[in-house]
Each structure stands twice: as C-alpha cells, then as structure tokens.
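Structural characterization, general
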Amino acid sequence: MKKVLLMLLSLSFAVHADSEMANGQPLDLQALDLQTLEVQALDWQVLAPIINEQDVSLPDVTESQKRLLATVIQLQDSAKAVDKENAVKARQRLIDDGVDVDAALDARARYMSLAQRRAESLNTEVNGKRVSMSGFVVPTKFNGVKATEFLLLPYAGACIHMPPPAANQIVKLSYSPGFEVENVQFPVTVRGTINADKQTELVQLVDGKMNVTMGYAMDALTIEKYYPETMEATQQLDHKEHDRKGHEHKGHAH
C-alpha cells in the first residue's frame, strides 16, 4: 500500500512539474511544499503553556497609596539625598495608613516575576512544525512598498499606543517575497515554519520605536488576506479577554 501511495505522490509531482514547465512558468517549490506536506492549524493558546504556580495576592490599596508605593520604588535607591528623603516620607505615610510597606513591595516583586515567567513561557513542542495561523500583522521592515518583516499578533490594537502582548503571543514573521499591507494592522492567515525563539528587538512602529520581546519566529511560505467578518468576531473576543484580565488587577499595587 505504501508503495502505491508513493507512486501516486510521485506521479502527482511529475504532472504538476510538467504543467508548470509546459506553461513556461518556474516551479514554485514553496507552493508545492504546502500541497505535499501537512500544515497544522495552530491556535494562539497553544503558544502560551500554563505555568502551574500559585497566584500571588497583591494587597488592596487605594489609588493614593499606590502612588506612594510607586514613589518608594522609584526613589528609595536614588543617590540623591532629596529623593531618599521623599521616599522615607512616602513610606511613613503608608505606615500611618496601616500598610505593611515591605510586605507590599515583596508581593509586588513576586507578582511581577510570576507574570514575566507566564508571559515568556514558550511551547517548544511546536518547533519546526509547518503551521497555519490567523492574526494581525504589524509591518516592521520594508522593501519598497512591500513589508518583509512583521509582528504577528492575536488581536488588533496591540503595540499601538499601548503595551505589547505577552512575549508568547507575539510571532516575529519573516516573508522575503514581501506583502503589501492595506493598513497599520492587517488581518491575515499565515502558513510557514514556526520555532520558539525569544528575542527582544527595538522595532519601528507607526507610533514610534519600541523594545518588543517576541517569543516565536516564523518563516512564512504564504500570507493571505483573512476573512474580515471572522477576524472581527475573533478580535472582539480577544479584546473582552484582554479587558477582563485588566479589570482583575484593578486596585492592586502594581
């Protein structure tokens, strides 16, 4: 049976090649790759493996107390005497309010460390796989009017006048033939080879340069426009999830 399948695959290859040459067109090996090799649809959640660590509880503080904690964090290690004095004053006001300053700062440090680990946890099981992903591309490098490097993101609006998503939700996308985007963030379906490859780069975005940590890299074989109505629904769900996570931390000492 295997021999029969191999013969059929070889025949399909030969017919396709003859057709290309008969039309006087060069053989597109990348397109042929997609036809003969399995391409797996990849969900964004797969790129963010769960870290089974207990959540860190942050103390409930008022907005005024949050500003005082920020003052302590920013000024306590300063070499300037006036900064150290202001940090001591801020700390004393918090103590007078009944806030355990050292416990609050320790909880914040542990919270931030856990958040970073979760944001940068990568799924190495996807390494070397041919996948298909849908998302929004933000062009970062151009060759003429066509972009050759992008950030591939799960929802629109990311990296534009707001902090970028978690590193494991950003794919550095390379596409040497170039792709002409119609607006700043454009919905597409991308097919190519993905690898876990965390790197931080200073990238040029529409609103200026920003250091962005990207958890994955993909060499794209094809980039196609995505169906706008489907992408709009996906974007709304992603934004709801993004807003929900933001509300969960409201009122905490970040």
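Since this is a predicted model, take the numbers as computed values, not measurements. (Residues numbered from 1 in each chain as written. Predicted model: local features only at pLDDT ≥ 70, side-chain atom pairs only at ≥ 80, totals over all residues. Heavy atoms only, no water.)

**Looking at the overall build of the chain**
Within the chain, the secondary structure is distributed over 6 helices and 6 strands. Along the chain, helices (α) and strands (β) appear in the sequence α-α-β-α-α-α-β-β-β-β-β-α when read from the amino end. Across the 254 residues in the chain, those meeting the buried criterion constitute 35%. Sequence-distant contacts, at least 24 apart, represent 72% of the contacts inside the chain between residues at least 6 apart. Of the roughly 15500 Å² of accessible surface on the chain, 53% is carried by carbon and sulfur atoms. (Helix = DSSP H or I, 4+ residues; strand = E, 2+ residues; numbered from the N terminus. Buried < 20%, exposed > 50% of the residue type's maximum accessible area, 1.4 Å probe, protein only. Contact = heavy atoms within 4.5 Å. Areas by Shrake-Rupley, 256 points an atom, 1.4 Å probe, with all protein chains shown as cover.)

**Structural notes on helix α3 (residues 63–75)**
For α3, spanning 13 residues, the distance from its first C-alpha to its last is 18 Å, which sits close to the expected 18 Å at 1.5 Å a residue. Of all the residues in α3, the buried ones are Q65, L68, L69, V72 and L75. Seen end-on, α3 carries its buried residues on one side only, within an arc spanning 150°. Opposite the packed face of α3, turned more than 90 degrees from it, sit the exposed residues R67 and Q74. (Expected span 1.5 Å × (residues − 1). Arc of directions from axis to C-beta.)

**Quick notes on the packing of α3 against helix α4 (residues 81–96)**
Between α3 and α4, the shortest axis-to-axis distance is 8 Å and the interhelical angle comes to 145°. Here α3 and α4 pass one another in a crossing that is left-handed. Here α3 contributes Q65, L68, L69, T71, V72 and L75 to the contact with α4, which in turn contributes D83, K84, N86, A87, A90, R91, R93 and L94. Here the contact of α3 with α4 is composed, by residue class, of 7 nonpolar, 3 polar and 4 charged. (Axes fitted to C-alpha atoms, helices over the stretch in contact; angles between N-to-C directions. Left-handed = near helix turned anticlockwise from the far one by under 90°. Nonpolar A, V, L, I, M, F, W, Y, C, P; charged D, E, K, R; others polar.)

**Notes on the confidence of the model for the chain**
Overall, the predicted model of the chain reaches an average pLDDT of 80, with 72% of residues at or above 70. Here residues 1–34 is modelled with pLDDT under 50, and outside its nearest four sequence neighbours on either side it reaches 16 contacts, counting other chains as well. (pLDDT = per-residue confidence, 0-100.)

**Let's talk about the environment of M112**
By the element assignment, M112 lies in helix α5 (residues 101–120). Note on M112: relative accessible area 39%, which makes it partly exposed. Expressed as a C-alpha distance, the spacing of M112 and V56, which sit 56 residues apart in the sequence, is 9.2 Å.

**Digging into the packing of α3 against α5**
Where α3 contacts α5, the axes come no closer than 11 Å and their chain directions differ by 80°. Viewed along their axes, α3 and α5 adopt a mutual orientation that is roughly perpendicular. Each of L69, V72 and I73 in α3 lies in contact with α5, whose residues at this interface are V101, A104, L105 and R108. Each residue belonging to the contact of α3 with α5 can be placed in one class, and the counts come to 6 nonpolar, no polar and 1 charged. (Parallel < 35°, antiparallel > 145°, perpendicular 65-115°, else oblique.)

**Regarding the nonpolar core**
Taken as a class, soluble globular proteins show a tendency for nonpolar side chains to be buried jointly. Of all hydrophobic cores here, the largest spans 23 residues; its most connected members are L47, M133, F150, I194 and I223. Ranked by size, the runner-up nonpolar core spans 10 residues in total, among them V72, A90, V99 and A104. (Core = buried A, V, L, I, M, F, W, Y, C linked by side-chain atoms within 4.5 Å.)

**So, the side chain of K172**
Its location among the elements puts K172 in strand β4 (residues 171–179). Contacts of K172, omitting those with residues within four sequence positions, involve E149, F150, Q199, E201, M214, Y216, A217 and M218.

**Regarding the environment of A87**
Position of A87 relative to the elements: it lies in helix α4. Residue classification places A87 among the buried residues on the basis of a relative accessible area of 5%. Separated by 14 residues in sequence, A87 and I73 place their C-alpha atoms 8.0 Å apart. Setting aside residues up to four positions removed in sequence, A87 forms contacts with V72, L75 and Q76.

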